[in-house]
Each structure stands twice: as C-alpha cells, then as structure tokens.
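Inside the fold
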Amino acid sequence: MSLTLKSDPSRPGGGYAILRVDGGAPSSVAIEDRSSGLYLAPGGKWTKQPNYFDIEPIDATDARLGPEIVDHVEADTILALHTAGAGVLGILVWPAIRPSAGASSGNVIDEPAASNAAGITGEIPPAAEGASAATEEAVTAALAEPLPPPPPPMSVTRPGLAAPPPAAKGLSLRNALVIANGLAVLIIGLFLFRGTETAKGLVCEPTGALRGVSLARTFVSCPETAEVDPEQTAYNDYLQCLPGKAACAQTNCGDAYLSGFTNGSHSAQVNAARTESQKSCQADAQKKTMADDFSAFSECMRITINVCNRAQCVDRYRYKLTVEPYASSLHQEAETAANDCRRLQEESAFADFNRCVAGAAACDTARCAGAFTAAFPASSYVSKVLSTAENAARICAATQRNTGGVADCDRLAAARFDADRPANSGFVDDVATLSDEDLEKGLRACEGADVDVNLGRRIYLQRGRLLAERAVRLAKNGSSAQADQDMGDAVKNWRTADEQGSVYSANLLGTFYIGSFNRAGAHEFVTPDEYQANRYWFKAAQGGNVIGERNYAAQLLVGNGVRQDVERAVTLLRDALRRGDERAAGTLGVALYTGYPAAIGQDKIEGWRLAKRGACVDKSAREMIEREINKGRQPPSERPTCY
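The following refers to the structure shown. These figures come from a predicted structure and were not determined experimentally.

1. Notes on the overall build of the protein
In terms of regular secondary structure, the protein is built from 24 helices and ten strands. Buried positions account for 41% of the 643 residues belonging to the protein. Nonlocal contacts in the protein, meaning residues at least 24 apart in sequence, comprise 58% of its contacts between residues at least 6 apart.

Shown next as structure tokens:
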C-alpha cells in the first residue's frame, strides 16, 4: 500500500502534515521507529507498547497528523505506520516538516541566540508575553511589503532667480530616513517574532520575501537542508513497494532497486528477499496450474454421464495431479467412479436377467441365472437370482407332472408382463374381460393344480388375480361379505407370491393399497395408503416389472406420496413403453401435451403422438383426446380408430 507524507499547506505555521494512503486513510495510527522498534507515545516519549493517535480524516485517501506526532519525529527517520487490528499500514521515511511554534523537533535545527548585526552583543530577551496577534500581523505585513519609493523633491522657482543646479546623485536625507525607518521596523519585527513560523517562512522558505536578506538571517535561524541520499531513497521506495503485493509483484520491487544499486548497502538484503519472492512466485504458479487442472478434471467428471467412462478422466489427469490435496481428491473420485460403474453394471445385468426370465419357460430359467452369477458372483442380487431359479425349477418339475391344470390356469389368468410366465403360454391383460364361466373355470384350474404347482409363485399370482376380480363382481351385486372374503384371499395369495420373489405380485399389492379395486360402487376394500402403494410399486419397478415401472413413474411424475422426480419418471415410462406397455404411452403423452408438471416441459407434437398411441388402453389419454377434439383444438380425424 503506497504512503506519502507532506507538510500541510493549510497550516503554514507548522505542526501539521498530510498523510495520503492509496487504499483509504485510517482514523488512527501508531508510529514505530524501525531502527529501535519503539513506538511514539504522548508527550514525545518512545515506548515498547504501541500507542494509537487519532488523526483527522480529510477525504477518502487523506488524513491530517497533528503536533502530537509531527513535533516529535526527526527528519529521515524510517517509520512503520500501524493501524489497530490490521497490522502494518506501510513504511516511509519521515521528510523535513516544520514543527509547531515554540516546539523543537529532530527534523529542524534549534535556533541559536540571535545577535545584533551592528556589533551589539548580549542575549536578546524574548518577546514580551501578551503580544497581540494584531501587532504580529502588522509587523509581518510590513516585513512582507516592499518599502515605498521616496517622494519627488519639491521644486520652487522664484521670479528673477536662476534655477538651482541639479541635485547630486545619491540618497537624499528624506530617502535615507525612510530606508532607516524600514530597517528599524524590520529589525524590531524580526527581534520580536524571531521564533515564530511566520518569520521562518519569510526568511527560510524558497519563496519567502526575505530569503535573500542576510540581515534577516542574523535574527532567524533556518533549518539545514539534509542532503538527499539516492541509494537510501531507492531503498525507501523498495520498502514502500512491498506491502500488499503478491510474491511475483514483490520480485519487481526488488528489480527496481537493484537496477540502480547492484552493489548498494542494501543489495544483499534485497537480493535475498527477491530470491524468496521468486520461490514463492513459482510455488504460487504451480499451485494455480494444479488448481486449474483439478477444475478441468472435475468438469470432465461432471459432464461424463456414463459413470464407467469417467475412468478416462482419471487416467487423463492422474499424472498431473500429484500434489496434495489434489492427489487424494483424484484417488477418491476414481474409487467412487469405479464403485458406481460396478453398481451400474450389476443393475444392468440384473435387468437383463429379469428380461431373460420373462422370455423363457420355467425350465429355461437356470440358463438366465447362470449367466448372471458367472459375471457377478459377489453381487447383492445373487440371492434373488438363485431364489428365482429355484422357484422356476420347482415349477418346471411340477408342470411336467401336471400340465393340464396349469395350462388352464395360465390361459385364463396369466399376466402378460409376469416374469414367471412361460414364453409359450397364453395370457390375459385384463381378467375383467372374462365371462363368469371362464372366471370360475380359471379359479378351479388354479386351485386344483398339483400341490407342487401351488408352491409356484406364478400360480399364487394368477389365483389372486381371479379372486380379486370375483370380489369386485360380488361387491357390485351387493354381496359385500363374500366380496371382502375373496379380496382378502387375493391379497394373501399375492403376499405369498411376493415373498417368493414375484415382482408382478408386488405391483398388484401396490394397486390394491392405492384403492384401485374400490371401484365397485361405494364399497371400499381398503383405505387408500400411498405409502404402502409406493413401497410395493418401487419394489416392482426395481425388480424390472413393466407395469410396476409405469405405476411408480406416475407417482414420481407429480410427487404423490414420494419426492417428485420428473427425470426418473420419464426414464421409467419410456422403458416401460419400449418393453410393450402401451398405457405408459398414454401417461407420458398426456404429461407432454399439457406440459404438466411444469418440469417436464411442453411438447404438443410428441405428446399428441404418444397420447393417440396409448388411447386404446389408457383412459386419461382417451379423455384428453376427446376434450381437445370437442373444443375444436384438434380435428375429428385425429380420433383413434380403436374406439
């Protein structure tokens, strides 16, 4: 921070100085003598403890120092100025500044006793106490103004008399008296006010009116002008250059001094400091490079969506980030990316396993399980995979012993997206379309199957579907007690299947708890419970069940009982649609067309296309399409042909 100090031009009597601080003037300072380490105290004493003097602020950068400081500092003293709580404000060399009247300071030469220029010896007494300011001002004005010219000589010509001869060259008596009076006033004024700053200003200042009058210097003692040492001045400039600058900039401060004084008295000290500054500058540059590389590494990790590809970012910056804390951070990020990649690969393989099971007969499930366990023998999913394979093996064995009952049970109650359904069996998307006769036939087939078949979770699932549908029909006909009994049995079958690993049963339990089966008039089989419904739907979606994905996505889309996650909901809906669930097209299409929720964004073209695709099986899509056509926002030709 740059500091400058000069005399206060508004106080010509002395005792005041103007301090300029580029970074903003403080309200108080402590004065430290750098050679002794002592601090200026009140009364001109120097102590070991800092004392903070209040200074008068003038504007944002300037402040006025008073006599309590100026009168007690010698010229050419190297000082450090401190501010309370902020440390050293800066370093400067105290210039020659006049102290206040009557004060003596080390920055001026004390005045010797005045002597009479005419040879009168003896001590001249001080000015009488009580001398008025008016008298001082009058004398000062008299000293400052030039003497008036003498009046022209009077010329009187008498008649008949010749004109007198011209006067001889030289002073007339009148002029001599005027000059003598002026000198007397000068001598008296200087004698009376010899110790004042006004007299010193007239005699000692370069622009003083009496600077060249030798007689005036007899009465007024002027301070000697210190000889300027250019090397010391350069060193002072170096000291003032350092504070507040970075290491690289401090090197430039040293270069400025050494360029003029390679072998100066302070060269060794400046060279040593400059070397340290260079080291710090190089270290700072290396840290900045490391910080830039780490920022680039972090950005690479952020924009790489596929966690398995983040290993490329690690390899790219591994040999650049070798200094702590960056090396540890890179190692931690590398481990996190590797774990995330491994988890993603396991989840993907488990999803492939579920798809394999969904498309294979029970007797072929062992092949699907073998592929997963060979790739991930220590995965947390292994127990689920083995359990699924064991159940499939039991179903396969029982089916081979008793194919008749199982075949009718599959034909009348199997679900399209049940992962346990054999690939060659039939399925029923909605058991509500069955006739009462087929409904009862299916129940007899599922309930009368071989005991080993009854252990299969697929049979429990299908039996539950038929019981739930019969409960709804009984409730519509007013047989509430029997309806509740059938619905209770349906839930028991689904829970048994769920415990054995049937993800489709988990989806149906979620459907039950959300209250979907309460549609039979005013009959309520269960009080809707979003928490239980979401718990089972989440389980079904995690297990790869298509309908579970769509149902859980619908909850995530608007935040029903779960934290809203539109991005995850869209991902699940598109996956369900890709795997054949047309109702997912209706749900996603309505959201995109209406732009609700807002986070999904509005896309009327894509939304309308998906809504038309799902309208044949999704009620919400059909209702939206009819509403848009009835209000004239879409032409009748846009109505799907399936209804």
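2. Focus on the state of the cysteines
Counted under the stated rule, the structure contains seven disulfides. The disulfide partner of Cys 616 is Cys 642, and the gap between their sulfur atoms is 1.6 Å. Its torsion about the S-S bond being -105 degrees, the disulfide of Cys 616 and Cys 642 is classed as left-handed. With a gap of 26 residues between them, Cys 616 in the loop between helix 23 (604-614) and helix 24 (619-630) and Cys 642 in the segment after helix 24 connect regions that are remote in the sequence.

3. A closer look at the packing of aromatic side chains
Enumeration over the complete set of coordinates arrives at 16 aromatic pairs. The interplanar angle of 70 degrees and the centroid separation of 6.2 Å between the aromatic rings of Phe 350 and Phe 372 together place this pair among those described as edge-to-face. Taken together, the residues span a long stretch of sequence, with Phe 350 in helix 10 (residues 326-358) and Phe 372 in helix 11 (residues 365-375) at a distance of 22 residues. Both residues of the pair, Phe 350 and Phe 372, count as buried. With a centroid separation of 5.5 Å and 65 degrees between ring planes, the pair formed by Phe 538 and Tyr 552 is classed as edge-to-face.

4. Description of the pattern of salt bridges
Counted under the stated rule, the structure contains 29 salt bridges. Here Arg 633 ties to Glu 628 by a salt bridge, and the two come within 2.9 Å at their closest N and O atoms. Here Glu 628 falls in the buried class, since its relative accessible area comes to 6%. Several salt bridges converge on common partners, so that one network encompasses Glu 549, Asp 575, Arg 578 and Arg 579.

5. As for the pairing of strand 2 (residues 17-21)
Counting buried positions along strand 2 yields four of five residues, so the element is predominantly enclosed. Inspection of the sheet shows strand 2 paired to strand 8 (residues 62-65) by four bridges, in the antiparallel sense. Within the sheet, the bridge partner assigned to Ala 17 lies in strand 8 and is Leu 65.

6. Here we look at unusual backbone geometry
Across the junction of Tyr 596 and Pro 597, the peptide omega takes the value 0 degrees, indicating a cis bond. Looking at where Pro 597 falls in the secondary structure, it is placed in the loop between helix 22 (582-594) and helix 23. The phi torsion at Asp 76 lies on the positive side, around 70 degrees, for a residue other than glycine. Relative to the elements of secondary structure, Asp 76 occurs in the loop between helix 1 (67-70) and strand 9 (78-83). Overall, Asp 76 belongs to the exposed group, its relative accessible area being 51%.

7. Structural notes on helix 24
Between its terminal C-alpha atoms helix 24 stretches 16 Å, which fits the 16 Å expected from twelve residues at 1.5 Å a residue. When helix 24 is considered as a whole, its buried residues turn out to be Ala 621, Met 624, Ile 625, Glu 628 and Ile 629. In an axial view of helix 24, the angular spread of the buried residues amounts to 130 degrees, which keeps them on one side of the axis. Structural note: helix 24 exposes Lys 619 and Asn 630 on the side pointing more than 90 degrees away from its buried face. Where helix 24 ends, the next residue or the one after it, Gly 632, has phi of about 80 degrees, a positive value.

8. Some remarks on the packing of helix 8 (residues 267-303) against helix 9 (residues 310-317)
The interhelical angle for the contact between helix 8 and helix 9, taken along N-to-C directions, is 165 degrees, at an axis separation of 9 Å. Classified by the angle their axes make, helix 8 and helix 9 are roughly antiparallel. Like other packed secondary-structure pairs, helix 8 and helix 9 cross with a definite hand, here right-handed. Across the interface between the two elements, Asp 293, Ala 296, Phe 297, Cys 300 and Met 301 of helix 8 pack against Arg 310, Cys 313, Val 314, Arg 316 and Tyr 317 of helix 9. Residues of the contact of helix 8 with helix 9, tallied by class, amount to seven nonpolar, no polar and three charged.

9. Description of the nonpolar core
Counting 61 residues, the largest nonpolar core has Leu 466, Met 487, Trp 494, Phe 512, Phe 517, Phe 525 and Ile 600 as the members making the most contacts within it. For this core, the element with the most residues is helix 16 (residues 457-476), which contributes nine residues. By size, the runner-up hydrophobic cluster in this structure holds 21 residues, among which are Val 21, Leu 40, Leu 65 and Trp 94.

10. Brief notes about helix 21 (residues 566-578)
In a regular helix each residue adds 1.5 Å, so 13 residues correspond to 18 Å; helix 21 covers 18 Å between its end C-alpha atoms and thus fits that length. Taken together, the buried positions of helix 21 are Val 566, Ala 569, Val 570, Leu 572, Leu 573, Asp 575, Ala 576 and Leu 577. Residues of helix 21 that are buried sit in contact with helix 20 (546-558), helix 22 and helix 23.

11. Considering the sheet that holds strand 8
Pairing is antiparallel in the open sheet, where four strands are placed in the order 1-2-8-7. The open sheet has two edge strands, strand 1 (3-7) and strand 7 (56-57), and neither has a second partner.

12. Section: the side chain of Asn 354
With respect to the element layout, Asn 354 can be found in helix 10. Here Asn 354 is in contact with Ala 419, Gly 543 and Gly 544, once residues within four sequence places are set aside.

13. Remarks on the packing of helix 23 against helix 24
Look at helix 23 against helix 24: their axes get within 8 Å of each other, and the N-to-C directions meet at 120 degrees. Taken together, the axes of helix 23 and helix 24 lie oblique to each other. The handedness of the crossing between helix 23 and helix 24 is left-handed. Counted together, Trp 608, Ala 611, Lys 612 and Gly 614 of helix 23 and Ala 621, Met 624, Ile 625 and Glu 628 of helix 24 form the full contact between these two elements. Here the contact of helix 23 with helix 24 is composed, by residue class, of five nonpolar, one polar and two charged.

14. Points about the environment of Pro 528
Looking at the secondary structure, you find Pro 528 in the loop between helix 18 (503-514) and helix 19 (530-542). The sequence separation of Pro 528 and Tyr 513 amounts to 15 residues, and the corresponding C-alpha distance is 5.5 Å. Leave out the neighbours within four places in its chain, and Pro 528 touches Tyr 513, Ile 514, Gly 515 and Asn 518.

15. Re the pairing of strand 9
Counting buried positions along strand 9 yields five of six residues, so the element is predominantly enclosed. Note that strand 3 (residues 28-33) and strand 9 share four bridges and pair antiparallel. Note on strand 9: the bridge partner recorded for Asp 33 is Leu 79. Relative to strand 10 (residues 87-93), strand 9 runs antiparallel, the two being bridged by six bridges. Following the sheet pairing, Leu 79 is matched in strand 10 by Leu 92. Connecting strand 9 to the next strand, strand 10, in antiparallel fashion are three residues, including Gly 85 with a positive phi near 85 degrees.

Reading guide: rules and limits
- Residues numbered from 1 in each chain as written.
- Predicted model: local features only at pLDDT ≥ 70, side-chain atom pairs only at ≥ 80, totals over all residues.
- Heavy atoms only, no water.
- Helix = DSSP H or I, 4+ residues; strand = E, 2+ residues; numbered from the N terminus.
- Buried < 20%, exposed > 50% of the residue type's maximum accessible area, 1.4 Å probe, protein only.
- Contact = heavy atoms within 4.5 Å.
- Disulfide = S-S within 2.5 Å.
- Phe/Tyr/Trp six-rings, centres within 6.5 Å; stacked < 30°, edge-to-face > 60°.
- Salt bridge = Lys/Arg side-chain N within 4 Å of Asp/Glu carboxyl O.
- Pairing = 2+ DSSP bridges.
- Expected span 1.5 Å × (residues − 1).
- Arc of directions from axis to C-beta.
- Axes fitted to C-alpha atoms, helices over the stretch in contact; angles between N-to-C directions.
- Parallel < 35°, antiparallel > 145°, perpendicular 65-115°, else oblique.
- Left-handed = near helix turned anticlockwise from the far one by under 90°.
- Nonpolar A, V, L, I, M, F, W, Y, C, P; charged D, E, K, R; others polar.
- Core = buried A, V, L, I, M, F, W, Y, C linked by side-chain atoms within 4.5 Å.

Honestly, it's all geometry; don't read function into it.
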